[in-house]
Each structure stands twice: as structure tokens, then as C-alpha cells.
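Residue-level listing of the chains:
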Amino acid sequence: MASARLDASISGLGRVGLTRTETRPAAELARQAVIAAAKDAGLAMSAIDGLVVCRSGGASDAVLGLDLQRALGLRDLKLNRIALCEGASALAAIHTASLAVSTGMARHVACVFADAPVTPGTQMRAAFGRQKTGTGMEGLRYTAGLFGGAAVHALSAQRYLALHDLGEEVLADVAITTRAWAALNPEASYRKPLTREDCAAARYIAEPLRLFDCAAPVNGAIAVVVTTGSRAAAGAQPAVPILAYAEGHPGTPDRQGFDRALTHGGATAGRAMFEATGLTPADIDICQFYDAFSIMPLLALEAYGFHAPGEARTAYAGGAAGPGGSGMPINTGGGHLSGYYLQGMTPVAEAVLQARGAAGERQRERAGTILVTNEGGRLDYHAGMILGSAEQWA
Amino acid sequence: MTTQPVPEPDLASAQLLDALDEGRLDLLRCRQCGTAHLAVLVCDACGGTDFAAEQANGVGTIYSFTRTHIAHHPAFADRLPFCGGIVELTEGPRLFAPLVGEGLFAVGATVTFEPQRVESRGIAAFRLADQLPP
């Protein structure tokens, strides 16, 4: 039985902050981003009748919560919700909004992510180095000294390189290509081109991950407005239709015979989305992957079936995924690595800009079908979305 | 001096963490299908809920590891860089553990269990099998 189709498009995009010098708290950044997204969509604030909030994994209601509604002065919302799916929360929020507009529950739903992990003037490690003790088996990672995302993703990277007999240059090529895109994006944090020599000389964070293999933390917020296709088509911006959405949460056992550190929910989500749309990996014009660490796009490329296990490096070989490259463009805004780390919203924002034809110097000619991924936990929670251009899909 | 964090037990891990406090590394073997677990409420292989505790043989291999160059916690500040990873026990299950001692850690290298004390608690560290403890 065919599942009911979503009738949802992204009609507005708001970006606030995106720098290490931004000092406003997350809730205020979120408020400004929603206002910016509504304005971008050509909507009065009173037209927003739904809100889906998402936030960083460790953040509480005191940081950003349902009372964003009051801060925005929004009355009589038909939907107000917090989406919690770790790093996959942004796409999960947009999906919740898509369901709401598809079923008529709400008309224009704003989805927002905000985070302010950087205290200007302090070291980056302070951004995500929260002290934890934890409970049970997962808590043992802190006993082993494995704090922060870099340490656990280093375990995936180390195993990946060992299993396929590859060197660190495979990771460096991801960082170099992503930086090359960032050079074309005025909003990116780091824009100076990188070489393999630069990467090899960079300090280690958690081996084999070096400095340039890790995301650029910023303070900021991104919001999108989701509405139906017909309303979006009548909006102020080119509509960006949501063609498909799926999740994949492997729950892989941590024992012999299973490979939890390399098992990626994109395999499940990709299959579901390609089946639902009739599309194949060859139909995807651009990928916007969640790339908090350089290993992540490689694993996503393989999970989604673009490459066989151990072969994703060929996507980056010779700059194929970079500006002017011969292959599929990946993370055209500079991603998390060189752009800005606003978790699941970073790849969404770049996909919307490309689909609209509004990506400036880095705009791709073919940007009609764009895959966006979100990752949470240590590859535990995954969401994928395929966005389209109005030109190709309206 | 701050000591390294040790997790609080939850329902699934109580047996394991209690045993570690006594210096032992214990498994919970499913009485229905024989699958070995470290922390478990329901056997994901067969659905069984009855488990027998037994001592692990203390030998495993490195599933993956990292040498960390940043201390997010004061207990690790004077150990930089230090190694931690995931060890796969011969009996099957895996756990996060500090990797201690000298030698070349590598994916697939054989390691042995080394009980360590952190104040009143016990933890499971591992050392390369060909490196004798000091």
C-alpha cells in the first residue's frame, strides 16, 4: 500500500548569527531567526500558526523551549512542539511541520534550531566539552576519557580506515573539498584553502581526527517556514518542495558479528526515500550531508548506496565533489567542517539556497534534487530528506 | 585531585558494575540461547529474560580506539595523550574501556582485562596482551 504523500514545501529561510563572536543567547537567536524566516517567506508574523523548536542535545527548556511562542508574541498556535532526536532533530522538526500542513492542522509552521555553545574569547574545546558521568554501559565512555563527539566519531574513523586499509588522507580530502566550497560562501567560518600538507600538519583532536576533521562551532539560529505546495508557490521565494523524508535508527548490538561504529541509518532511510519517490542515487544532483566530523559524509555516501563500502573516497578524489569537480557536489556551503555547525539545520539551509538558485558564487546549475542528512548520537539516530527545486518539481 | 568518572549502575548494568567494584569482569549469559551480554534486560538475539552470571575470561580484541589529545575532564589532564576505545571480549560483547600501558594499539590487537580502582569503585581497563603489567 502506498503511503500518504506529504504536501509540504519550504517557503521561508532565516539565518541569524552563524559566528563565533555572536553573543546573544540561544532563545533570542531563535526568536530573530523565526522573524527572519517569516519575512523571507513574505508572511506577517500573525500568519505563523505553528512552531516546532529543536535544540542542542544537552540544552534544557531554560535554554530554548515552548515559551518561544510568547517571546514571539504568537497567539492561538495550532502546533507548538519540541522535536528531540539529537543531531537529527532539525529534519525531524521539519517533518513534523510537513505532517501538520499536509493534514491541514496548521498552515505556516516555523521550525527553528538555535545554539550558543561558544563563549567568545575561549577555546573551542569549551564549546562541547561538557563534563559527564553518565549511567550504565554508555557512561563507560567517560571512564575511558571519551568525551565529546570527536572521540566517539574517531572510533568510527579509526575502524573505517583499518577495515579498508586506508590512510588519513581519505579524511583530509573531505576537509579540503569542503573548505573549497566554503571559500565561495561569505557566511562560512573558515575560507582559506587547505592542502593535504595543511591537514597532515594539523594537531590531533582524537586520532585519526585532526583539527580540520572537526566542525566549526558557532552561535546562531536557523529557521524555516513549512507550508503546503500551493501556498509556497504563491510565496515571496521560489518554493522548495519536500519530496521525501525517512528515518533510520539501526540499534545495532554492541557485540561480535555486528559493526555498530560503522552501521549507518542512511541505509534504511535511503531505501525508503528512493522507493517512495522512484528516484535513485544517480538522480541526486547535490548532497548536503551532516558533517560534524570528516568521516560522516564518507559513511553516508556508502549507506545511501552512492558507493560500495570502503569506496566513498572516490567521491572526493581529485576534487570531484568540489567546485568545478567532475562528480556529485557535496556540502556546497562548506558544511559543518568549514561553514558553521548548527547541527541539522546547516545542511538544510544550504539545500534551500541551492534549490532556490540563490547560492551566489557557489550556485550549481543542476540543483533540482538535493539529499539532506542529519545524524545523532554516535551514528545511532538518522534522518534523511530529499528537497527539490520549484522549477523541476512544482 | 579529581578522579575519572565512573557510571552509576542502571537496571541493565547493575550486575556488571557491582562485579567490577569487586574486581571481577562478569558476563550475563542468556539461559535460552547462550548469547553472552555485559548489561542486559532482554536478550536481543532470542527475547530471553533469564540470565546466568559467569566470569569473563578477560581476553578481548580492540574493536576500535583513539588516542585523545584533549582533556575534557580534569582527571585526564595529566595523562595526555591517552588511549581509550571499545574492546570486544572473546565471549562476544563489547564495552568502552581505558587502554593502558605501552605498545602499539591497533584495531584487532589482543588485550587483557586489568581491574583498576577509582576510589570505592572498580573499572575495567585493558592492556595489550604482549605487554606485562608493571
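Scroll up for the structure.
Remember, predicted model here, so these are calculated numbers, not experimental data. (Residues numbered from 1 in each chain as written. Chains lettered and ligands numbered in written order. Predicted model: local features only at pLDDT ≥ 70, side-chain atom pairs only at ≥ 80, totals over all residues. Heavy atoms only, no water.)

1. Some points on the overall build of chain B
Consideration 1: When helices and strands are counted, chain B shows 1 helix and 8 strands.
Consideration 2: In chain B, the order of α-helices and β-strands from amino to carboxyl end is α-β-β-β-β-β-β-β-β.
Consideration 3: By the compact-globule yardstick of 14 Å for 134 residues, chain B fits well, its C-alpha radius of gyration being 15 Å.
Consideration 4: Taken over the C-alpha atoms alone, chain B extends approximately 45 × 30 × 25 Å along its principal axes.
Consideration 5: Within the span of chain B, comprising 134 residues, buried residues form 51% of the whole.
Consideration 6: For chain B, contacts bridging at least 24 residues in sequence account for 52% of all contacts bridging at least 6.
Consideration 7: Accessible surface computed for chain B: about 5,900 Å², of which carbon and sulfur atoms make up 51%.
Consideration 8: Charged side chains of chain B number 9 positive and 16 negative; the gap between the two group centres comes to 2 Å. (Helix = DSSP H or I, 4+ residues; strand = E, 2+ residues; numbered from the N terminus. Rg over C-alpha atoms; globule rule 2.2 N^0.38 Å. Buried < 20%, exposed > 50% of the residue type's maximum accessible area, 1.4 Å probe, protein only. Contact = heavy atoms within 4.5 Å. Areas by Shrake-Rupley, 256 points an atom, 1.4 Å probe, with all protein chains shown as cover. Lys, Arg positive; Asp, Glu negative; His and termini not counted. Charge placed at Lys NZ, Arg CZ, Asp CG, Glu CD.)

2. So, helix α3 (residues 89–102) of chain A
Given 3.6 residues per helical turn, the α-helix brings residues three or four places apart onto the same face.
All names here are of chain A.
Consideration 1: With 14 residues, α3 extends 20 Å from end C-alpha to end C-alpha; this agrees with the ideal 20 Å at 1.5 Å per step.
Consideration 2: Considered for burial, the residues of α3 that qualify are Ser89, Ala90, Leu91, Ala92, Ala93, Ile94, His95, Thr96, Ala97, Ser98, Ala100 and Val101.
Consideration 3: Where α3 ends, the next residue or the one after it, glycine 104, has phi of about 85°, a positive value. (Expected span 1.5 Å × (residues − 1).)

3. A few points about the packing of aromatic side chains
Consideration 1: One pass over the full model with this rule turns up 7 aromatic pairs over all chains.
Consideration 2: When the ring of tyrosine 142 of chain A is compared with that of phenylalanine 147 of chain A, the centres are 5.1 Å apart and the planes differ by 50°; the resulting orientation is tilted.
Consideration 3: In this structure phenylalanine 147 of chain A comes out as buried when scored by relative accessible area, which is 3%.
Consideration 4: Between phenylalanine 113 of chain B and phenylalanine 126 of chain B the ring centres are 6.1 Å apart and the planes differ by 55°, which places this aromatic pair in the tilted class. Of this pair, phenylalanine 113 of chain B sits in strand β7 (residues 110–118) while phenylalanine 126 of chain B is found in strand β8 (residues 121–128), placing the two residues 13 residues apart along the sequence.
Consideration 5: Residue class for phenylalanine 126 of chain B comes out buried when judged on its relative accessible area of 0%.
Consideration 6: Connected via pairs of aromatic rings, a cluster forms that spans Tyr142 and Phe147 of chain A together with Phe76 and Phe82 of chain B. (Phe/Tyr/Trp six-rings, centres within 6.5 Å; stacked < 30°, edge-to-face > 60°.)

4. Quick word on the sheet that holds strand β2 (residues 36–37) of chain B
All names here are of chain B.
Consideration 1: Ordered by their spatial adjacency, 3 strands build an open sheet running β2-β1-β3, and the pairing between neighbours is antiparallel. Whereas interior strands pair on both sides, the edge strands pair on one side only; in this sheet they are β2 and β3 (51–55).
Consideration 2: Strand direction decides the pairing type here: strand β1 (residues 26–30) and β2, joined by 2 bridges, are antiparallel. Each residue of the ladder has a partner; that of arginine 29, found in β2, is alanine 36. (Pairing = 2+ DSSP bridges.)

5. Structural notes on the environment of threonine 122 of chain A
Consideration 1: Tracing the backbone shows threonine 122 of chain A in the loop between β4 (109–115) and α4 (125–128).
Consideration 2: On a C-alpha basis, the gap between threonine 122 of chain A and valine 101 of chain A in space is 42 Å, while along the polypeptide they are 21 residues apart.

6. Notes on the side chain of serine 389 of chain A
Consideration 1: Topologically, serine 389 of chain A is positioned in the loop between β11 (381–388) and α14 (390–393).
Consideration 2: Serine 389 of chain A gets classed as buried once you look at its relative accessible area, which sits at 5%.

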